[in-house]
Amino acid sequence: MTEHWDVVVIGGGGAGLAAAVSAAEEGASVLLFESETELGGSTALSAGIFTAAGTSVQAGLGVDDSAEKFFQHYMDLNQWMLSPGLIRAFCENAGPTLEWLIGLGVEVPAAISGNAHQPGLAQAGVEDVWRGHVPKDQGYGLIQVLDKARRKHGIEVIFGTRVQKLMEEDGRVVGVVADDIEVPAGAVVVASGGFAQDPGLVKRHFPDANKAGDSLFVVAAEGSRGDHLRFAEDLGASVVGDGWGLMLPTVYFQRFHHWQAGFPPKSRIYVNQDGRRFMDEDSSYAVSTGIIDHQGGYGWMIFDENARVNLAPGYADWNPERIEEEVAAGGTIRADTIEDLAVATGVPVTTLTQTLRRWNEQLPSGHDDDFLRHRTLRNKGAVGNPDPIATAPFYAAKILPAELVCTHAGMEINTDAAVLGSTGVPIEGLYAAGEAGAGILGLRYVGGGNAVANALTMGRVAGRNAANYTRTSADSAPVHSIAHS
C-alpha cells in the first residue's frame, strides 16, 4: 500500500490527537501510531480541565483575564525557573486552543463550577482569576471530540504498535521505525506521554516519587512508558525537567484516583509530627505537595467516628468499611480519646489537644483565621460547615504525596514545539508535545488543567508547525510505502 505521509504522530492521547488534527487542517497527510488498543491516553483518564486565560467562557461570566496575567502567575508560581519565551507562547496559545476545541464541539458552559466534575469555570489552583475550564464529559469527552475531527479528516491510526525509533538522515528526522518497518515522513511529532509507568525511568528522572515507598500508586495511562526519553537519547536531544512531576497527597492506603477512591471526610484536620496544624486541608495540589514535603514528607490526617460512618458507600478506598479494615491491619490508628491518639501517633499530647480545640472553635462556625479554609470550601461549592471533630473514637492516618499523576522530564521544545538538540538548536523535522515535550510543566503544577492544556495546546502548535515544515521543506511529501496487516 502506497501513501503520502507528510506528518507521522507518535501517540494517540490528547497531545497526539491535537497534533494530528491540526496538521491535517493545514493540508498535511497524517499517520498516527498508538501503542495501545484505543485512543485517549492519560487525557481520557483525566477530568479534562483546561486552564486558559482570556476565553469566551470567562467573558461570558464577566471575568477580566488575559494571557499576560496568566503568564505572570505561571512564572511566579514556578519561581521563574522556566523559559519565559516558551511559557508566554503557551499562555498565548492556550486560550485560542480552547476556542478551537469549542469550535470542534467541546462544551464548556459559561457557568461557575465548584469542582472538577461540574462543567463550567472553576478555580484551577491558587490563581486569583479562575482559569479552570471544565468540559462536559470530562477528559473522555475531549478525546471523543478530537477523535471525531480525526475521522472527519481521514487520519489513519495504527493501533497496538509501539514506535521503535526515529529515522535520521544528516541531522534531520525523516520518519519512524515500527514493527521493524521503516515509515518515512516529512516530519514527526512525538506525543507518546510521560514515563510514570516505567519504574526505572521514574527512579532516574523523578526519584522523589519513590519517597512514598509502598504507598506509591500511578494513575497515568498504561502507555506512559517513556519512549520520548529513549528517542531523545538516541538523537542527542536536550532533556529538561528532571526531578519534576505531579504527586498528589493521599492517605497511605489509597490506590485509585479520587473518582474511584472516594473523598476523605470534610471534617478532618492535618497535623505535622509536632501535632500542629500546618495547612488548609483542601489546599490546591498546585502547592499542597510542597507544603507536606516541608513537614518532613508526611502528616497525620485526623477525623472522628461521625466522619467515618458518614463516608459515602461504594468507593474503593474512602468508605466506612475500608477504614475499619485499615484499623484492623494496623495501618490506621484508632483511639478512644484525642490524648490516646496523640500518644499512639507520637505527637505531643498538649499540642494536639490545643490544635484540635482551635480547629473545632473555628471551622464548624464557618471561619478559619489561620489557614482560610472557609474560602476554599466556598470556592468549591461546599454546602454547610464541617462538623466538629468530637465524636469518639478518633482516627489518624498518614497523608503523603503518593499519587503519581504525570512526569515533567522530556524533550526540550521551543515556542514552535520543535525539539532542541543538546546545543539548543532545533532538530529538523522533529516536534514534541504533552509530557513528551518538556519545558512547560515545571517545578510547580499550576493547578487543575495544567497538563491537559499543555498537551492540547502544544499538540496543536506542534501539528501545525510540523505540517508547515513539510510544506516549506525542499523534499516535502515524498512517496512512502508501508505494509499493513
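Definitions and limits used
Residues numbered from 1 in each chain as written. Predicted model: local features only at pLDDT ≥ 70, side-chain atom pairs only at ≥ 80, totals over all residues. Heavy atoms only, no water. UniProt positions renumbered as here; feature names shortened; annotations may be inferred. Phe/Tyr/Trp six-rings, centres within 6.5 Å; stacked < 30°, edge-to-face > 60°. Helix = DSSP H or I, 4+ residues; strand = E, 2+ residues; numbered from the N terminus. Buried < 20%, exposed > 50% of the residue type's maximum accessible area, 1.4 Å probe, protein only. Lys NZ or Arg CZ within 6 Å of the ring centre and 35° of its normal. Pairing = 2+ DSSP bridges. Axes fitted to C-alpha atoms, helices over the stretch in contact; angles between N-to-C directions. Parallel < 35°, antiparallel > 145°, perpendicular 65-115°, else oblique. Contact = heavy atoms within 4.5 Å. Nonpolar A, V, L, I, M, F, W, Y, C, P; charged D, E, K, R; others polar. Disulfide = S-S within 2.5 Å.

Within an unreviewed UniProt entry, the label attached to the protein reads FAD-dependent oxidoreductase, and the organism entered is Rhodococcus baikonurensis. Within the UniProt record for the protein, the comment given under Cofactor (unreviewed entry) is "FAD".

Draft legend 1. Structural view of the packing of aromatic side chains. Per the stated rule, a full pass over the model turns up 12 aromatic pairs. Relative to Phe90, the ring of Phe70 lies with its centre 6.0 Å away and its plane at 55°, an arrangement referred to as tilted. Of this pair, Phe70 sits in helix H4 (residues 67-77) while Phe90 is found in helix H5 (residues 84-104), placing the two residues 20 residues apart along the sequence. Phe90 carries the same exposure label as Phe70, and that label is buried. With centroids separated by 5.9 Å and ring planes inclined at 70°, the aromatic side chains of Phe303 and Trp318 adopt a geometry described as edge-to-face. With Phe303 in strand S16 (residues 299-304) and Trp318 in the loop between helix H11 (305-309) and helix H12 (320-329), the pair connects residues that are 15 residues apart, well separated along the chain. Across this residue pair, the class does not change: Phe303 and Trp318 are buried. By way of ring pairs, the aromatic residues Tyr252, Phe253, Phe303, Trp318 and Tyr395 are connected into one cluster. Residue placement shows Arg88 over the ring face of Phe71; its charged tip is 4.3 Å from the ring centre. We note Lys398 situated over the ring of Tyr298; from NZ or CZ to the ring centre the distance is 4.3 Å.

Draft legend 2. Structural context of the UniProt feature "domain: FAD-dependent oxidoreductase 2 FAD-binding" (unreviewed entry) in the protein. In this numbering, the UniProt entry assigns the feature "domain: FAD-dependent oxidoreductase 2 FAD-binding" (unreviewed entry) to residues 6-452. Within residues 6-452, the helical portion is 32% and the strand portion 21%, while the C-alpha atoms at the span's ends are 26 Å from each other.

Draft legend 3. How the structure looks around the pairing of strand S8 (residues 163-169). Pairing of S8 with strand S9 (residues 172-178), which is carried by 6 bridges, proceeds in the antiparallel orientation. Each bridged residue has a counterpart across the sheet, and for Lys165 the counterpart in S9 is Val177. A loop of 2 residues connects S8 with S9, the two strands running antiparallel in sequence, and Asp170 in this loop sits at a positive phi of about 55°.

Draft legend 4. Up close: the packing of H5 against helix H6 (residues 138-152). In contact at an axis separation of 9 Å, H5 and H6 are set at 70° when each is read in the N-to-C sense. Classified by the angle between their axes, H5 and H6 sit roughly perpendicular to one another. Here Trp100, Leu101 and Leu104 of H5 come into contact with H6, specifically with Val145, Leu146 and Ala149. In the contact of H5 with H6, the residues fall into 6 nonpolar, no polar and no charged.

Draft legend 5. Representation of the state of the cysteines. Scanning the model with the defined rule gives 0 disulfides in all. Cysteine Cys91 shares no disulfide, and the gap to the nearest cysteine sulfur, in Cys406, comes to 17 Å. The class of Cys91 is buried, set by a relative accessible area of 1%. Under the relative-accessibility criterion, Cys406 is labelled buried at 3%.

Draft legend 6. Structural context of the sheet that holds strand S6 (residues 132-134). Taken together, 3 strands build an open sheet; the order of strands is S4-S6-S5 and the sheet is antiparallel. Edge positions in the sheet fall to strand S4 (50-51) and strand S5 (120-122), since each has one partner strand and no second.

Draft legend 7. Broad picture of the sheet that holds strand S22 (residues 437-438). One open sheet accounts for 3 strands, arranged S13-S19-S22; its pairing is mixed. Looking at the sheet topology across the chains shown, the edges are occupied by strand S13 (239-240) and S22. Strands in contact with helix H8 (residues 227-235) are S13 and strand S19 (410-412); relative to S19, the strand with the most contacts, it is inclined by about 50°.

Draft legend 8. Molecular detail of H8. Here H8 has its buried residues at Asp227, His228, Leu229, Phe231, Ala232 and Leu235. One or two residues past the end of H8 sits Gly236, with phi positive at roughly 75°.

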